Amino acid sequence: MGICVHTNKQAVEHSNISIPIFGRDYARSPRRLQELAHMWKSRAFIIPLFYHVQPFQVRIAESDSQESSYEEVLSEHYSTGQYPSETMEEWKQALCHVSSLPGWTLDSTSCFEGDLVKRIVCDVTNTLDKIPLHNVAKHPVQLDKKIKEVMSLLNLHNQADVVTVGIWGMGGCGKTTIAKAVYNNIFRCFDSCSFLSDVGKMSHKQIREQIIRDTNMTCAQFSASKRALVVLDNIDDSKQMELLTCKNWGGRGSRMIVTTRDKHVLNLAQIDMVYKMEGLEFEEALRLFSWHAFLKPGPDKIYRKESKRIVKACCGLPLAVEAAGDLLHDKKESLEYWREALRTPQSICHQKIYDVLKISYDNLTNQEKKIFVDIACTFSGKEVMQGIRYWKRFNWDAHTAVTNLVLKSLIQIGDDDVFMMHGLLRDMGKAIRKEDNPSPFSFICLPVSVPRFKLYMKFCTNKRSETTMVESTRPAGSNVQEAIPVLDADSELQTSV
């Protein structure tokens, strides 16, 4: 049984800016801790003031000081048995999160209190004039954790250096959502800000001119004066990254966030830190799907089984999960419609998702496209060298192509040195193969003996109705002598190279 701590939640929710003042005795007040937790959970814009304490003393995980230790005070609260462990965990997370934000610090070595008050009034006035981005996430799931991880890479407490952070991952994994959320959390802490959406088709000159317009800076200020926050969303060309090479786009303490599908772009630009976007865990994906399909955190009981199967088909890709939930939201009165959707999974992951995923594929060379499709149809789950040896028969630069596919987030190499591919990308590769070759029987060229060829043909004859054939066009000048049918990855008999 825990004590109910009353807080002025309405005041917090209706405030444009919240300023918690961390002093030596701040953590001794359960009401203050509860208000802080509410600020954090309600996504309020927070600028902390550290009054004769340092941020590291407030961050529970990093506090190693016994004097005025917040961790020690929280332990005293817990030992009374009056506050449940869930409440204590909320307080700890709020302290850790808020103390990582840039703010003001007053101690014996800093300015006078009167000067600090003037500075706070000026900063707050300027901050209120800035407008956040909208449409970040209709139903945020696991957003706070990822925001915290990206902000730790930005290292906002370091105001002496210019820092660049890249967010890298496959299409539809939520890179733009995270970039917008981080921007909204910190943009008011900078002198000027610019968020450029989908800059893939913009030149270096256009990017520079747009940033100058957004930030109301002159060219001279752009290079050296103001502390700026710049976000470039969906960069796909290394030439666009000339803006970053000398870090001359903002003054000390500036930050730039870049999102891209191609890690090679980040490597060429010498980005300081790279954050790799991962897919959603199953339970997280189910919660996101439920918010879109049922407008609540869990599925209706009657749809639980179908919901889990649909979420599994989305393979943790946020875009696919959201699209599936939106598609089925208006059909939640028809269980038969859901079951029909499961019989035709392509209807769940509709054209919008396919188009998003295909952007990376369209930017590949012809050789890389063929290798991508071969991996999707034949080599996913197989040893890397098995594929490399096969493609070298066509005199292809297989190592370079595979490396580029990894950098573009189209494939992964597992710890056991096998090809791995996201389920939706694999389905896309098979769909591309089918578009290119609608024939029910097609071939991939491999050297085999005649008896083994006959074995494959006999198997295919018996399994014709359930076997998917795949094709790899024989290139000119190839020294491959024979051709055999290759079975889908789910078939009983697999190709050996």
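This text goes with the structure placed above it.
Residues numbered from 1 in each chain as written. Predicted model: local features only at pLDDT ≥ 70, side-chain atom pairs only at ≥ 80, totals over all residues. Heavy atoms only, no water.

Engineer: Outline the sheet that holds strand 2 (residues 49-51), listing residues and values.
Structural biologist: The sheet built from three strands is open, its strands ordered 1-2-3 with parallel pairing. Lying at the two open borders of the sheet, with one neighbouring strand each, are strand 1 (21-22) and strand 3 (104-106). Relative to strand 2, strand 1 is paired through two bridges, and the arrangement is parallel. Bridge pairing in strand 2 links Ile-21 to Leu-49. (Pairing = 2+ DSSP bridges. Helix = DSSP H or I, 4+ residues; strand = E, 2+ residues; numbered from the N terminus.)

Engineer: Describe the environment of Ile-120, listing the residues and the values that go with them.
Structural biologist: One can find Ile-120 in helix 6 (residues 113-128). As for Ile-120 and Ile-47, which are separated by 73 residues in sequence, their C-alpha atoms are 9.8 Å apart.

Engineer: So what's going on with the nonpolar core? Residues and values would help.
Structural biologist: Membership of the largest hydrophobic core comes to 111 residues, with the highest contact counts inside it found for Phe-22, Val-182, Phe-289, Phe-372, Ile-375 and Trp-391. Per element, the largest residue contribution to this core is seven residues, and it comes from helix 17 (residues 366-379). Look past the residues within four positions of Val-182 in its chain and what remains in contact with it is Ile-147, Val-150, Met-151, Leu-154 and Ile-257. Counting 15 residues, the second-largest nonpolar core is a separate cluster that includes Ile-211, Val-258, Val-265 and Leu-266. (Core = buried A, V, L, I, M, F, W, Y, C linked by side-chain atoms within 4.5 Å. Buried < 20%, exposed > 50% of the residue type's maximum accessible area, 1.4 Å probe, protein only. Contact = heavy atoms within 4.5 Å.)

Engineer: How would you summarise the sheet that holds strand 8 (residues 273-276) if you had to cite specific residues and measurements?
Structural biologist: Backbone-to-backbone hydrogen bonds join strands into a sheet, with any given pair of strands oriented parallel or antiparallel. If you walk across this open sheet you meet the five strands as 5-6-7-4-8, and the pairing is parallel. In this open sheet, the two edge strands, each paired with only one partner strand, are strand 5 (192-196) and strand 8. In this sheet, adjacent strand axes meet at a mean angle of 15° when their direction is disregarded. Pairing analysis gives five bridges linking strand 6 (residues 228-235) to strand 7 (residues 255-260), with the strands arranged parallel. By the bridge assignment for strand 7, Ile-235 is matched with Thr-260. Packed onto the sheet, helix 7 (residues 143-154) meets strand 4 (163-168), strand 7 and strand 8 and runs at close to 170° relative to strand 8. On top of the sheet, helix 9 (residues 204-215) reaches strand 5 and strand 6; it is set at about 135° to strand 5, its chief contact. (Axes fitted to C-alpha atoms, helices over the stretch in contact; angles between N-to-C directions.)

The values reported here are purely geometric and, on their own, carry no functional implication.
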